[in-house]
Amino acid sequence: MYDIAIIYDVLLMHKIMQRFLQDFSIPAAFAGFITFLVGISVSSVLVIQAAQLLGATEAQITSWFWALGIGIGSCGLILSWKFKYPVATSWSTAGLALIIASASGYSLYEAIGAFLICGLLTAILGFSGVFAKVLQHIPQSLTSAMLAGVLLKFGVAIFLSMQTQWGFILALLIAYILSKRFWPRYSIVVTVLAGIVLVPFFMEFQLGTIQFSPAIPVLMFPDFSWAALFGIALPLLVINMASQYLPGLAMIKSYGYEPNVKHLIGWTGTAQMILAPFGCFSVNIAAISAAISLDDQAHPNPEKRYIAGISCGFFYILMGIFAATLTSLLFSFPSIFITALAGIALFGTIGHNLAIAFHSIDDREAALLTFLFSASGVQFFGIGSAFWGLLFGLSVYHILKLKK
């Protein structure tokens, strides 16, 4: 019986590897890498700042990155393979802003306790199906308008960058347009490689010495308090749901996939809860960066884009293992390179969501107001414009439906 079990496991593993190799493509793997790159580049410095304000040591900060990388990467990799569509995961930038704003009133260990409770509540909301029921009552035209509004600033940013680095941006755009014309499947790959080659010609760039040193996790025992529960845990839960899960799930749905809401929210919340004592403040569904893995630039066949989600998860795990090394390598590139790359990678997604948002004449007014509100970037009570834009758009949508 033992030998039969071993043979079965070997055959199963062989079948899994065969399926993976059949579906693997370089553009999809690159899309996953860019998703990862955009996900960490925007707010990695904020992770360090939040940890420092809570009193974390250098070793504990490294542990934060280890826990985030392992939690985010494992969820993205496993869920992408399980459901066969790209499940890009990330930490919450809005959540980081909340932690930074609240850090002075709490100890590191109180914050760790709040992260754990937030993960537990997220898992309960996910597995219970409460969040899935809410999503069923939101029109796709409005969620697409919300996403297009949130993403707009990334598309505009690349053209604003032309004021200071017009030569580099123009060269990068030419590389993108030409590759889109002649090698559409590999356009983002070509653009990334062109950007790496072009950087030294247009700006100062020097790659420092890279030392490979694996991160060592540090256990930080949680301290539970009512103050941290109401000051960090519950606000963090609301912000994550509004700024990460809501737009992230809408992004997946906009590309024709039916997200397994219970499992996506439930397991990411579970991962956060387990890894919170090592510094994991959030494991969420990615919102903005997820678009790169979902777009047809990753693969023309939607059934094979899940490779991008697996690739993204792999790079997060790699970041966790070599936290300090990998992040220092990525940050050696100028910030304008990341800005330009994010903008170009999101061109297709912005157009895709605009088309869905304004396709229905009946929904167009509500979609327009949702789009403009979401694009404004305003915040109320620490919650970003995506949530408020959608809430306002839903109100307009139902008011206009009353006259019919």
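Residues numbered from 1 in each chain as written. Predicted model: local features only at pLDDT ≥ 70, side-chain atom pairs only at ≥ 80, totals over all residues. Heavy atoms only, no water.

*Asks:* Help me understand the packing of aromatic side chains in this model?
*Replies:* Given two aromatic rings, one states the distance between the centres and the angle between the planes to describe the pair. Taken as a whole and assessed by the stated rule, the structure comprises 17 aromatic pairs. Between F65 and W91, the aromatic rings sit 6.3 Å apart at their centres with planes inclined by 65°, giving edge-to-face as the arrangement. You can see F65 sitting in helix α4 (residues 58-83) and its partner W91 sitting in the loop between β1 (89-90) and α5 (93-102), a full 26 residues away along the chain. Here F65 matches W91 in class, with each residue buried. Ring-pair connections join several aromatic residues into one group, and the members of that group are F33, F36, F314, F315 and Y316. Residue placement shows K84 over the ring face of Y306; its charged tip is 5.5 Å from the ring centre. (Phe/Tyr/Trp six-rings, centres within 6.5 Å; stacked < 30°, edge-to-face > 60°. Helix = DSSP H or I, 4+ residues; strand = E, 2+ residues; numbered from the N terminus. Buried < 20%, exposed > 50% of the residue type's maximum accessible area, 1.4 Å probe, protein only. Lys NZ or Arg CZ within 6 Å of the ring centre and 35° of its normal.)

*Asks:* I tried to follow the packing of helix α8 (residues 140-160) against helix α17 (residues 347-357) on my own but got confused; where do I start?
*Replies:* When two helices pack together, their arrangement is given by the angle between the helix axes and the distance between those axes. Orientation of α8 relative to α17, taken along the N-to-C sense of each, is 145°, at an axis distance of 8 Å. For the pair α8 and α17, the sense of crossing is left-handed. Residues Q140, S141, S144, A145, L147, A148, L151, L152, G155, I158 and F159 of α8 lie in contact with α17, whose contacting residues are F347, T349, I350, N353, L354, I356 and A357. Taken together, the residues that form the contact of α8 with α17 break down as twelve nonpolar, six polar and no charged. (Axes fitted to C-alpha atoms, helices over the stretch in contact; angles between N-to-C directions. Left-handed = near helix turned anticlockwise from the far one by under 90°. Contact = heavy atoms within 4.5 Å. Nonpolar A, V, L, I, M, F, W, Y, C, P; charged D, E, K, R; others polar.)

*Asks:* Can you help me understand the environment of G248 in this one?
*Replies:* Counting through the fold element by element, G248 comes out in helix α11 (residues 226-254). Linking G248 and A290, residues 42 residues apart in sequence, is a C-alpha distance of 7.2 Å. Those residues in contact with G248 that lie beyond four places of it in its chain are I285, A286 and A287.

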